[in-house]
Amino acid sequence: DQQVKQNSPSLSVQEGRISILNCDYTNSMFDYFLWYKKYPAEGPTFLISISSIKDKNEDGRFTVFLNKSAKHLSLHIVPSQPGDSAVYFCAAGGSNYKLTFGKGTLLTVNP
Amino acid sequence: DSGVTQTPKHLITATGQRVTLRCSPRSGDLSVYWYQQSLDQGLQFLIQYYNGEERAKGNILERFSAQQFPDLHSELNLSSLELGDSALYFCASRGDGPAFFGQGTRLTVV
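Nothing here was measured: the structure is a model prediction, and the numbers come from that model. (Residues numbered from 1 in each chain as written. Chains lettered and ligands numbered in written order. Predicted model: local features only at pLDDT ≥ 70, side-chain atom pairs only at ≥ 80, totals over all residues. Heavy atoms only, no water.)

Colleague: Teacher, can you tell me more about the overall build of chain A here?
Modeller: Within chain A, the secondary structure is distributed over 0 helices and 11 strands. N-terminal to C-terminal, the α/β element order of chain A is β-β-β-β-β-β-β-β-β-β-β. Here chain A has a C-alpha radius of gyration of 13 Å; the compact-globule value for 111 residues is 13 Å, and the two agree. With the principal axes as the frame, chain A shows a C-alpha extent of 40 × 30 × 20 Å. When each of the 111 residues of chain A is scored for burial, the buried share is 44%. A fraction of 53% describes how many contacts in chain A between residues 6 or more apart in sequence connect residues 24 or more apart. A total accessible area of about 5300 Å² is found for chain A, and carbon and sulfur atoms account for 50% of it. (Helix = DSSP H or I, 4+ residues; strand = E, 2+ residues; numbered from the N terminus. Rg over C-alpha atoms; globule rule 2.2 N^0.38 Å. Buried < 20%, exposed > 50% of the residue type's maximum accessible area, 1.4 Å probe, protein only. Contact = heavy atoms within 4.5 Å. Areas by Shrake-Rupley, 256 points an atom, 1.4 Å probe, with all protein chains shown as cover.)

In structure tokens:
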């Protein structure tokens, strides 16, 4: 039972353009959502989070949007840079603090 | 540097053997999580400890066990190793905010 889904295994964008990564979840008990970035053979690095009481959180070039009714969140990166090329994981958690991860989306930003 | 330390970084061992992976969480974080990442797979949740107590369990095999000690460091024990156990094993720690990950231990079973 995959409670957190990232349906796009990969995404390719041009440098300077917007990257939009999507994530869907099924468990309505999730109230905390995060995005992580991961390079090969390294640990995931925390990027940005949002709690269920908000619908948007912004940090520099990164913005996370949460649509609770659709059980959908997205990460926008503007402008995209070649250094953003990595695997992006969406994660969701509930009151028990367990974090469930999606399978990741490989973002490639082309110069 | 996330502040989470995992040792060893690499481990090569034979089938049937037992290994122990170690994790030191960030200072003050009470929660420790263990995840497994196999080739081309996402992060599979194994187990979570909170202040020494098991909090949540995922798809952890019976051959695997973990514990969190009074100083909050955690160990993941993998026994009767099989070739399919070869993977990256990540530890993460968490306080009130996001979880922060260590650099992982790459386990190769030959």
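Moving on from the coordinates now.
Colleague: Could you clarify how one ought to interpret the state of the cysteines in this entry?
Modeller: Here, disulfide denotes a covalent bond that connects the sulfur atoms of two cysteines. One pass over the structure, following the stated rule, counts 2 disulfides over all chains. Here C23 of chain A engages in a disulfide with C90 of chain A; their sulfurs sit 2.0 Å apart. Across the S-S bond of C23 of chain A and C90 of chain A the torsion is about -65 degrees, and the bridge reads as left-handed. Of the two residues, C23 of chain A sits in strand 3 (residues 19-25) while C90 of chain A sits in strand 9 (residues 86-93), which places them 67 residues apart along the sequence. Relative accessible area serves as the criterion here: at 1%, C90 of chain A is assigned to the buried category. Covalent S-S linkage joins C23 of chain B and C91 of chain B, the inter-sulfur distance amounting to 1.7 Å. Torsion about the S-S bond of the C23 of chain B and C91 of chain B cystine: about -45 degrees, corresponding to left-handed handedness. Highlighted residues: C23 of chain B in strand 3 (residues 19-24) and C91 of chain B in strand 9 (residues 87-94), separated in sequence by 68 residues. (Disulfide = S-S within 2.5 Å.)

Colleague: I tried to follow a nonpolar patch on the surface on my own but got confused; where do I start?
Modeller: Residue and element names in this part refer to chain A. The grouping of I18, I20 and V78 at the surface amounts to a nonpolar patch, some 230 Å² of accessible area in total. Here V78 is to be found in the loop between strand 8 (72-77) and strand 9. Taking relative accessible area as the criterion, V78 reaches 42% and is therefore assigned partly exposed. (Patch = residues over 30% accessible without salt bridge, like charges linked within 9 Å, V, L, I, M, F, W, Y side chains within 5 Å. Salt bridge = Lys/Arg side-chain N within 4 Å of Asp/Glu carboxyl O.)

Colleague: Explain the packing of aromatic side chains here, please?
Modeller: Between two aromatic rings, the relevant description is the distance of the centres plus the angle of the planes. Scanning all chains against the criterion turns up 14 aromatic pairs over all chains. Aromatic pair F101 of chain A and F101 of chain B: ring centres 5.7 Å apart, planes at 80 degrees, arrangement edge-to-face. Of the two residues, F101 of chain A sits in strand 10 (residues 99-101) while F101 of chain B sits in strand 10 (residues 99-101), which places them in two different chains. Each member of the pair, F101 of chain A as well as F101 of chain B, carries the same accessibility label: buried. Between the aromatic rings of F90 of chain B and F101 of chain B, the centroid separation amounts to 6.4 Å while the plane-to-plane angle is 80 degrees, which identifies the pairing as edge-to-face. One end of the pair, F90 of chain B, is in strand 9; the other, F101 of chain B, is in strand 10, and 11 residues separate them in sequence. This pair shows no difference in class: F90 of chain B is buried, exactly as F101 of chain B is. Taken together, Y36, F46, F89 and F101 of chain A together with Y33, Y35, F45, F90, F100 and F101 of chain B form an aromatic cluster joined through their ring pairs. Above the ring of Y50 of chain B, the side-chain terminus of R55 of chain B is found at 4.4 Å from the ring centroid. (Phe/Tyr/Trp six-rings, centres within 6.5 Å; stacked < 30°, edge-to-face > 60°. Lys NZ or Arg CZ within 6 Å of the ring centre and 35° of its normal.)

Function-wise, these values are silent; they only describe arrangement.
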